[in-house]
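Each chain is listed here by its residues.
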Amino acid sequence: MAVKKFGYARVSTKDQNLARQIEILKAEGIEERDIFVEKESGRSFERKVYRSLVDTVLREGDLLVVTELKRFGRNYREIYQEWHHITKEIGADIKVTSMPILDTTQSKELVGQLITDVVLAVFAYVADEDWAERHELQRQGIEVAKAEGRHLGRPKVQFPENWDEWYPKWTAGEVTASEAMRQMGIKKDSFYRLAKRYEADTGELPKYKPLELI
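This section reports on the structure supplied with the text. Here the structure is a predicted model, which means the values were calculated and not measured. (Residues numbered from 1 in each chain as written. Predicted model: local features only at pLDDT ≥ 70, side-chain atom pairs only at ≥ 80, totals over all residues. Heavy atoms only, no water.)

1. Some words on the nonpolar core
Moving on, step 1. Counting residues in hydrophobic clusters, the biggest one holds 19 residues, and the most contacted among them are Leu58, Leu64, Leu69, Phe72, Trp83, Ile86 and Val96.
Moving on, step 2. Of all the elements in the fold, those that place two or more residues in this core are β1 (5–11), α2 (48–57), β3 (63–66), α3 (76–90) and β4 (93–96).
Moving on, step 3. In contact with leucine 64, not counting residues within four places along its chain, are Phe6, Gly7, Tyr8, Leu53, Leu58, Phe72, Ile86, Asp93, Ile94 and Lys95.
Moving on, step 4. The next biggest cluster of nonpolar side chains, apart from the first, holds 16 residues, and it includes Trp163, Trp166, Val175 and Met181. (Core = buried A, V, L, I, M, F, W, Y, C linked by side-chain atoms within 4.5 Å. Buried < 20%, exposed > 50% of the residue type's maximum accessible area, 1.4 Å probe, protein only. Helix = DSSP H or I, 4+ residues; strand = E, 2+ residues; numbered from the N terminus. Contact = heavy atoms within 4.5 Å.)

2. A short note on the side chain of arginine 10
Moving on, step 1. Within the secondary structure layout, arginine 10 lies in strand β1.
Moving on, step 2. This buried residue, arginine 10, is left without a salt bridge; glutamate 38 holds the nearest opposite charge, at 6.3 Å.
Moving on, step 3. At 3.5 Å, the side chain of arginine 10 forms a polar contact with the backbone oxygen of lysine 70. (Lys, Arg positive; Asp, Glu negative; His and termini not counted. Salt bridge = Lys/Arg side-chain N within 4 Å of Asp/Glu carboxyl O. Polar contact = N/O pair within 3.5 Å; in protein donor to acceptor, adjacent residues only side chain to side chain.)

3. Remarks on the packing of aromatic side chains
Moving on, step 1. Evaluated as defined, the whole model comprises 13 aromatic pairs.
Moving on, step 2. Both rings, one in tryptophan 163 and one in tyrosine 167, keep their centres 4.9 Å apart while their planes meet at 15°; by these two values the pair is stacked. Separated by four residues within a single helix, tryptophan 163 and tyrosine 167 lie in helix α5 (residues 163–171), roughly one turn from each other. Like tyrosine 167, tryptophan 163 is buried.
Moving on, step 3. Three or more aromatic residues link up through ring pairs in this structure, and these residues are Phe159, Trp163, Tyr167, Trp170, Phe191, Tyr192 and Tyr198.
Moving on, step 4. Of note, arginine 47 hangs over the ring of tyrosine 50, and the distance from its end group to the ring centre comes to 5.1 Å. (Phe/Tyr/Trp six-rings, centres within 6.5 Å; stacked < 30°, edge-to-face > 60°. Lys NZ or Arg CZ within 6 Å of the ring centre and 35° of its normal.)

4. Regarding the sheet that holds β1
Moving on, step 1. Across the sheet, which stays open at both edges, the four strands sit in the order β2-β1-β3-β4 with parallel pairing between neighbours. Whereas interior strands pair on both sides, the edge strands pair on one side only; in this sheet they are β2 (35–39) and β4. The average undirected angle you get between the axes of adjacent strands in this sheet is 20°.
Moving on, step 2. Bridge count between β3 and β4: four bridges; the pairing is parallel. Considered in β4, the bridge of valine 66 is made with valine 96.
Moving on, step 3. Where α2 meets the sheet, its contacts fall on β1, β2 and β3, and the angle it forms with β2 comes to roughly 150°. (Pairing = 2+ DSSP bridges. Axes fitted to C-alpha atoms, helices over the stretch in contact; angles between N-to-C directions.)

5. Side note on the pairing of β1
Moving on, step 1. Within β1, six of the seven residues are buried, leaving the element largely enclosed by the surrounding structure.
Moving on, step 2. Relative to β3, β1 is paired through three bridges, and the arrangement is parallel. Within β3, the residue paired with glycine 7 across the bridge is valine 65.
Moving on, step 3. Judged from the five bridges that link them, β1 and β2 form a sheet pairing that is parallel. Looking at β2, one finds that glycine 7 is bridged to isoleucine 35.

This is the structure:
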């Protein structure tokens, strides 16, 4: 009976592209319909697509292919637990394309399995340490930025140069909100955010109608 191959591809944000992973998996002879894709953060392992693949689709003798070891989890413990669950409890094989030595189809004998287990432990530990180091550096960077009074997160919307010309016209009812936005070249969300900030800074009470969105 032919081995059934499945692929799993994941990115951690919705803006990242899965195309490269999918092409690598297709090059492994996996049909696109058997490639499971997901856009979820590695910080949480509550990934519905992954869990569906591993817990309900994958069977003994199947092969699961991923492009990187970190697809299995966010740290050493999770990676090792998933690897053990798939290879020992389900009885399926795993291949990591970026690490040819991590291919259980090539190491069925006892010595081969031992080597794979040792290499897996090393790689999983390194991945875990790398994750921890990156987040520690990020934490330190945030603390330094806060200590220096630097703004973190999304940059504040800036007042357009002609704000003082068109904002008073809008509050006086001389122009509509949409016309003021068009003249100043800003979107609705930015316009009302700036209006609230302006009112808070100046103490000026709004004279416009809050429901006037257009």
